[in-house]
Amino acid sequence: MFLHAGIIHIGVNMLMQMTMGREMEKQIGSLRFASVYISSGIFGFVLGANFAGEGTASTGASGALFGIMGLYLLDLFYNWRERRKPVRDLMFSLLDIVIAFVLGLIPGVVDNFSHMGGLLMGLVLGICLLHSPNALRERLGTSTSYHPMNPTNPASPTQESPEEGFTAFKKKPVGFFKGRKPLWWAWWLLRAGAVVGVFVCFIVLLNNFYKYRNTCSWCKYLSCLPIKDWCESGDLQLSNSTSKRDLFGVSGQRFYVFYE
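Residues numbered from 1 in each chain as written. Predicted model: local features only at pLDDT ≥ 70, side-chain atom pairs only at ≥ 80, totals over all residues. Heavy atoms only, no water.

On the surface, F77, W80, V87, M91 and L94 cluster together into a nonpolar patch covering about 470 Å² of accessible area. When residues of the nonpolar patch are assigned to their parent elements, the largest contribution, three residues, is made by helix α4 (residues 86-103). By the element assignment, W80 lies in the loop between α3 (62-78) and α4. (Patch = residues over 30% accessible without salt bridge, like charges linked within 9 Å, V, L, I, M, F, W, Y side chains within 5 Å. Areas by Shrake-Rupley, 256 points an atom, 1.4 Å probe, with all protein chains shown as cover. Salt bridge = Lys/Arg side-chain N within 4 Å of Asp/Glu carboxyl O. Helix = DSSP H or I, 4+ residues; strand = E, 2+ residues; numbered from the N terminus.)

What follows is the structure, given as structure tokens:
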């Protein structure tokens, strides 16, 4: 995640991190930002390790940055009415995602699985870690939790009530749950389910990678076009030969790995 393939690669990623990433970190705090950033980057690589072609190498922080893109999309929907031009912001975000996906169909350009995994993890963790949507908080009769990244009136951001959230829970742990509406319980059950889902996905994918190696025949086409041998690039051919001595003079079996 911290290793890149060259100056251009790290430059493009740093540009995105210093613009959208910087604003999002200021919005949600360094701890939440780091949690989403690192988790999204790792999950993107884990997803690619399970479903990309064997022998396909991947490097860079694009998966982590797509996790931040997931947070940005949630922030957009959570604060749709407070945005200056929400439709324009959504179109630009979707255009970025589509362009990245199309480039990922060309071998050796970008890793679509890392992008998809990072975006998915960012959306799921965003539901867990971001404050509740302003529209939902209004229906529950609580104050809005935070102002959007591009508010209509940046000089007058909404403030979080000191009696809401973790502050209220810390003061009165039991009383915090009294009088809550069914909608509040449904929303928090969804967030709790998202946390459980994240851990389950990590465990299942890691277990599959190290133990079962189950995959699907069509998954690789999410990261390549069936043109010439594009989807076969990176596949491994394994052959073995039995010899009395291996390279270290110990009897055993040697494996030769060839890249197509």
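So, next bit.
According to UniProt, the positions carrying the feature "transmembrane region" (unreviewed entry) are residues 30-51, 57-78, 90-110 and 188-210. Taken end to end, residues 30-51 has its terminal C-alpha atoms 32 Å apart, with 100% of it in helix and 0% in strand. Taken as a whole, residues 188-210 contains 100% helix and 0% strand, while its terminal C-alpha atoms sit 34 Å from one another. (UniProt positions renumbered as here; feature names shortened; annotations may be inferred.)

Time to look at the confidence of the model for the chain. Residues at a pLDDT of 70 or more form 77% of the chain, whose mean pLDDT is 79. Mean pLDDT across the elements of the chain ranges from a minimum in strand β2 (residues 252-259), with 36, to a maximum in α3, with 93. Segment residues 153-163 is flagged for pLDDT under 50; beyond a separation of four residues in sequence, or across chains, it makes 17 contacts in the model. Below pLDDT 50 for its whole length, residues 244-260 participates in 36 contacts with residues either more than four positions away or in separate chains. (pLDDT = per-residue confidence, 0-100. Contact = heavy atoms within 4.5 Å.)

Structurally, E25 is set in helix α1 (residues 7-28). Using a relative accessible area of 30% as the deciding quantity, one classes E25 as partly exposed. For the pair E25 and I68, spaced 43 residues apart in sequence, the C-alpha separation works out to 9.2 Å. In this view, E25 contacts S30 and F33; residues no more than four positions away in its chain are not counted. (Buried < 20%, exposed > 50% of the residue type's maximum accessible area, 1.4 Å probe, protein only.)

The phi dihedral of R213 is positive, around 60°, even though this residue is not glycine. Take R213: it is sitting in the loop between α8 (182-212) and β1 (236-243).

With 40 residues, the main nonpolar core has M24, Y37, I68 and L71 as its most contacted residues. It is α3 that contributes the most residues to this core, eleven residues altogether. Contact partners of L71, with chain neighbours within four places excluded, come to M24, I28, V36, G122, G126 and L130. (Core = buried A, V, L, I, M, F, W, Y, C linked by side-chain atoms within 4.5 Å.)

As for its placement among the helices and strands, S30 is situated in helix α2 (residues 30-51). Within the local environment of S30, its side chain forms a polar contact with the side chain of E25, the two groups lying 2.9 Å apart. (Polar contact = N/O pair within 3.5 Å; in protein donor to acceptor, adjacent residues only side chain to side chain.)

Attention now moves to the pattern of salt bridges. Counted under the stated rule, the structure contains five salt bridges. With its nearest N and O atoms 2.5 Å apart, the salt bridge here joins R83 to D75. For the residue pair R83 and D75, the accessibility class agrees, reading buried in each case. For the salt bridge of D89 with R88, the shortest nitrogen-to-oxygen distance reads 3.4 Å. Overall, the relative accessible area of 42% leaves R88 in the partly exposed class. Residues participating in the shared-partner salt-bridge network are D75, R83, R88 and D89.

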